[in-house]
Amino acid sequence: MRSELKDKSIFNKSIEFAYKYMDNIEEQSVYPENSAIENLDIFDEELSDNSTAGIEIIDKLHRFGSPATIAQIGGMYFGFVNGSIIPVALAARWLADTWDQNAAMYVSSPIASKLEQVAQNWIVDLLKLPEKTVMGLVSGTSTATFIGLVTARNAVLKKKGWNVNEDGLFGAPKIRVIISEGAHSSVFKALALLGIGMGSVERIPTDDQGRILTAKIPELDDTSILILQAGNVNTGAFDDFREIYNRANGAWIHIDGAFGLWVAASSKLKYLTDGIDLADSWSVDGHKTLNTPYDCGIILCKHEYGLVSAMQATGSYLKFSEKRDGMLYVAEMSRRARSVDLWASLKFLGKNGVSELVEGFHDLSVELANLLTINNFIILNEIVFNQVLVSCKSSEKNSELLDILQKSGQTWMGDTVWRGQRVIRVSICSWATTKDDINSLVNLFVSARLLLGS
Ligand SMILES: *Cc1c(COP(=O)(O)O)cnc(C)c1O
């Protein structure tokens, strides 16, 4: 093994293939062709008794794997809210992967720990969150939300004289959890995992943009948990945080801001996040809007003691290190050094770059909505940020139209059900998407409709 680290041929091969992949991204089908997907059967083999040469492994991965990827790093992918990858963040990750650091504690990786601390300071400043806010790095917003809600649950039960770490949940006093009907599926999943249950929460209806109806929120107190949203996954809409805070009576407020929270960095769009600083905890992704590589979820919490005691179930273990131990803020121990690519993305963009990134997504979304409207498509949402819901006529026609777009190989996006109708959902969240890409996308919509004959 040690002598093999000196032989760079497999690494050179891997880099050569990665460069080829980057250079070919415009030509590659945005969704893999059927033949490429069928070829994946080549991987269905018994584990061999003997070793396989490294070069053969990398070669196989590129030959059969690369063509079966989603061309997400190009500018024509608009599926889910996936985002692309900032080149220098990828480069930083390559280096950090070589280091193979364990970001659990300061002692296991001083560099991972240092960059985690720096990224925390930058993010708290950029999003204008309360000064004492602390951050933990996890796999994604699903986990970040879960951790935020574990902390919230333990804190409100503590107020009722119940210690969850010691006494568990059986027999615990009931707590009120208030959530929008429009919350992301991952929040309901978190509630199920938490032992709160999806059925025992109070679901509040939303307006025509998917914003929680503030007036329908019941009278709360400081032993309730209220879950809000910065960026509805369909419309991109934001709840009215300030107004809701004024009615919340000290309830723990958690904001799911997976892709939307970053608009706080833009002077033009930050009106959408007005009042987020009044919440107690926030979850947000690096790998969506910020375009970091995958596996970058962020939990932010105003109450350091609450978060750390929720994550360090055994009291004797509970310690705040002078040097930052990242594992204190999350559920995992061993973790890759997520802070490296997060730090590199922020360092590359700077404050103005983050602002330009989110404003760029918004400008292109407005442009797309305008051009589609001119071409007689129906836009179903207000374009507050980066999500565009498109309809050509009926659920049936939308599905047929989408099928043509998806099979074109020129672009890819998904659909959703919005107010009872199946509609096409375009998410603009890749730094690589240009105005020309938006024009091409509009042309694809128009020619797909011609093919439909309607
Ligand atoms: C994507 C998303 C999530 C889940 O985030 P993951 O990083 O996929 O775990 C939660 N909430 C919203 C609004 C999202 O868009």
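Heads up: the structure comes first, above all this text.
Asker: Quick question: what am I supposed to make of helix H14 (residues 435–452) here?
Answerer: Its 18 residues give H14 an end-to-end C-alpha distance of 26 Å, which sits within 8% of 26 Å, the value for a rise of 1.5 Å per residue. Restricting attention to buried positions, one finds in H14 the residues Asp 437, Ile 438, Leu 441, Val 442, Leu 444, Phe 445, Ala 448, Arg 449 and Leu 452. Looking straight down H14, one finds its buried side chains confined to an arc of 155 degrees; they lie on one side. Away from its buried face by more than 90 degrees, H14 exposes Lys 435, Asp 436, Asn 443, Leu 450 and Leu 451. Buried residues along H14 sit in contact with helix H12 (338–374), strand E9 (387–391), helix H13 (395–407) and strand E11 (421–427). One or two residues past the end of H14 sits Gly 453, with phi positive at roughly 75 degrees.

Asker: Would you take a moment to explain the packing of helix H6 (residues 110–126) against H12 for this structure?
Answerer: Between two packed helices, what matters for the description is the angle formed by their axes and the separation of those axes. Viewed as axis vectors pointing N to C, H6 and H12 meet at an angle of 30 degrees, and their least axial separation amounts to 9 Å. With respect to H12, the axis of H6 lies roughly parallel. The handedness of the crossing between H6 and H12 is left-handed. Contacts between H6 and H12 involve Ala 112, Leu 115, Glu 116, Val 118, Ala 119, Trp 122, Ile 123, Asp 125 and Leu 126 from the former and Ser 339, Val 340, Leu 342, Trp 343, Leu 346, Lys 347, Lys 351 and Val 354 from the latter.

Asker: Whenever I open this one, the packing of helix H2 (residues 9–23) against helix H4 (residues 54–65) confuses me. Can you help?
Answerer: The contact between H2 and H4 brings their axes to 9 Å, and the two run at 10 degrees. Relative to H4, H2 is oriented roughly parallel. Along the contact surface, H2 presents Ser 9, Ile 10, Lys 13, Ser 14 and Phe 17, while H4 presents Gly 54, Ile 55, Ile 58, Asp 59 and His 62. When its residues are assigned to classes, the contact of H2 with H4 shows four nonpolar, four polar and two charged.

So, how was this worked out
- Residues numbered from 1 in each chain as written.
- Predicted model: local features only at pLDDT ≥ 70, side-chain atom pairs only at ≥ 80, totals over all residues.
- Heavy atoms only, no water.
- Helix = DSSP H or I, 4+ residues; strand = E, 2+ residues; numbered from the N terminus.
- Expected span 1.5 Å × (residues − 1).
- Buried < 20%, exposed > 50% of the residue type's maximum accessible area, 1.4 Å probe, protein only.
- Arc of directions from axis to C-beta.
- Contact = heavy atoms within 4.5 Å.
- Axes fitted to C-alpha atoms, helices over the stretch in contact; angles between N-to-C directions.
- Parallel < 35°, antiparallel > 145°, perpendicular 65-115°, else oblique.
- Left-handed = near helix turned anticlockwise from the far one by under 90°.
- Nonpolar A, V, L, I, M, F, W, Y, C, P; charged D, E, K, R; others polar.

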